[in-house]
Amino acid sequence: MIRATKPPKLDEVGAEAVDAARAALLELVPAEDVGEHLGVQPEESKVVTHLFECTRRGYRGWRWSVTVSRAPRQKTVTVDEVVLLPGDDALLAPEWVPWRERIRPGDLSPGDLLPTEEDDPRLAPAYTAADEVVDADAVKEVADELGLGRPRVLSLEGRDLAAERWYDGTHGPDAPIAQSAPAQCGTCGFFVRLAGPLGRLFGACANAYANDDGRVVSIDHGCGAHSEVQLSKKNLPAPLPEPALDTIKIEDLETF
Ligand code: SF4
C-alpha cells in the first residue's frame, strides 16, 4: 500500500524572511535583474524557498530561488542556496541531443570527418570466421602484409539497411520516373550490375543522359532513357517532303 506523504508545513519564521532572502540574492545578482517577490514554498520542516522574478534579458519566465532554513527554537534564518530556476512558461533551450543522433545524410561538408564506432552494427570484421579458430590479430597481420585489405566489411545488417534505403528511395521502383518508364533497368543496356549479393537487386546506371547516371538503381527502377526505348509512330518527327529538283539552266532563262 502506498501512503500519501503529507506536504511539509510552511515555517512561519522562514516565510516571513523575505528581506533576508532578497538581501542574500542581491549579494550575488545585480539589483536590476531581480523583480517582484513571487511567493514562498515549504521544502521541509523549517526550510522554505522564496521565489523572485528574474528580470534579466533572455530569461523570460525564470525565477531566482532562495532557500532559507533555521534551527529549532531560533528566530533567525540562514541562507542555504541561491539558484536560478525555470518557471512553467520559461524559455528553455531544446533538449540536448548527441551529435551522432543529430547528424543527417547530406550534412557532411568537404573536409568533415565522420568516424564509425568500433561496434557499428553495419560493419563486421573482415575475418570474422577466422576469429573463432585462430587469433584475430595474427590473421589481420598476415592479411595486411599480403595486402588483402580491409579490417571491416559490410555486415549483414549493414547490407540489409543499405538495400532497404536504396529500394525505398528515389532510385527504386516507386520513384515517379520509374512508374512512368517504358521499361525497367534490368533490361537496359546501361545497367551495370553490382558485384556480390547486392547485385541480385541493384546496379549502377551508366547512361550520361539519364537522371540516375552514376547512381545505384534497383533492377525494377526505370526511366525514359532506357537503351531500348523506341518512339511510337505518333511521336516520330513528321516525314520530310520529297526533295524538289530545280532543273532550270542559265540557257533556259536566256530563251525567255
Ligand atoms: S538509363 Fe534509365 S532505365 Fe537504363 S539503367 Fe539508367 S535509369 Fe535504368
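Every chain begins its residue count from 1, and numbering advances along the sequence as written. With the structure being a predicted model, the display of local features is reserved for residues of pLDDT at least 70 and the display and counting of side-chain atom pairs for 80 or more, all residues being used for whole-chain, interface and lining totals.

## What about the overall build of the protein chain?
Starting at the N terminus, helices and strands are each numbered in turn, a helix being any DSSP run of H or I of at least four residues and a strand any DSSP run of E of at least two. Within the protein chain, the regular secondary structure consists of 8 helices and 9 strands. We call a residue exposed when 12 or fewer other C-beta atoms sit within 10 Å of its C-beta, buried when the count reaches 20 or more, and partly exposed for counts in between; the C-beta positions come from the backbone. Residues classed as buried in the protein chain amount to 16% of the 256 residues present.

## Remarks on the site of the ligand
Any residue whose C-beta atom, as set from the backbone, lies within 6 Å of a molecule or strand is reported as near that molecule or strand. What surrounds the ligand is a group of 14 residues, the closest being C185, C188, C205, N207 and C223. Across the shell around the ligand, the residue classes tally to 9 nonpolar, 4 polar and 1 charged. Residues are grouped as follows: Ala, Val, Leu, Ile, Met, Phe, Trp, Tyr, Cys and Pro are nonpolar; Asp, Glu, Lys and Arg are charged; every other residue, Gly included, is polar.

## Regarding the sheet that holds strand β9 (residues 216-218)
Across a sheet, paired strands are connected by hydrogen bonds in the backbone, their directions being either parallel or antiparallel. What the 3 strands build is an open sheet, ordered β7-β8-β9; its pairing is antiparallel. Both outer strands of the open sheet, β7 (191-193) and β9, are each paired with one neighbouring strand and no more. With strand direction ignored, the average angle separating the axes of adjacent strands in the sheet is 45°. Two strands pair if DSSP finds at least two bridges between them. Both β7 and strand β8 (residues 202-205) contribute to a ladder of 3 bridges, which runs antiparallel. From the neighbouring strand, F191 faces β8, where its bridge partner is C205. Geometry is summarised by axes, namely lines fitted to C-alpha atoms with helices restricted to the contacting stretch, and by angles between N-to-C directions that run from 0 to 180 degrees.

## A closer look at the pairing of strand β2 (residues 47-54)
Note: strand β1 (residues 34-44) against β2, 7 bridges, orientation antiparallel. When the sheet's bridge partners are listed, V40 is paired in β2 with H50. With antiparallel pairing between neighbouring strands as the criterion, β1 and β2 make up a hairpin whose turn holds 2 residues, including K46 at a positive phi of roughly 65°.

## Section: the pairing of β8
Where β8 meets β9, 3 bridges bridge the pair, whose relative direction is antiparallel. When the sheet's bridge partners are listed, F202 is paired in β9 with S218.

## A short note on unusual backbone geometry
Its identity is not glycine, yet K46 carries a phi of approximately 65°, on the positive side. Turning to its location among the elements, K46 is positioned in the loop between β1 and β2. Residue K46 is classed as partly exposed on the basis of its 19 C-beta neighbours within 10 Å. Here R73, not a glycine, exhibits a phi torsion of approximately 65°, which is positive. Inspection of the secondary structure assignment puts R73 in the loop between β3 (62-69) and β4 (78-86).

## Observations regarding the sheet that holds β4
Taken in spatial order, the 4 strands make up an open sheet running β1-β2-β3-β4, and their pairing is antiparallel. In this open sheet, the two strands that pair with only one neighbour each are β1 and β4. Averaged over all pairs of adjacent strands, the angle between strand axes in this sheet comes to 20°, irrespective of strand direction. Contact criterion: two residues are in contact if their C-beta atoms, reconstructed from the backbone, are within 7 Å. Running at roughly 120° to β3, helix α2 (residues 18-26) makes contact with β1, β2, β3 and β4 of the sheet.

## Focus: the nonpolar core
Judged by nonpolar contacts, the single largest core of 14 residues is most densely connected at C185, F190, F191, C205 and V217. If you list the elements that add at least two residues to this core, you get β8 and β9. With sequence-adjacent residues up to four places away left out, C205 is seen in contact with C185, F190, F191, A210, D212, D213, G214, R215 and V217. By size, the runner-up hydrophobic cluster in this structure holds 10 residues, among which are V48, C54, V66 and V77. In plain words, the nonpolar core is the set of buried Ala, Val, Leu, Ile, Met, Phe, Trp, Tyr and Cys residues that C-beta atoms within 7 Å link up.

## Focus on the confidence of the model for the protein chain
The pLDDT value expresses, per residue, how confident the predictor is, ranging between 0 and 100. Taken over all residues, the pLDDT of the protein chain has a mean of 86, while the share at 70 or more is 89%. Every residue in residues 129-133 is under pLDDT 50, and counting partners more than four places away or in other chains gives 4 contacts.

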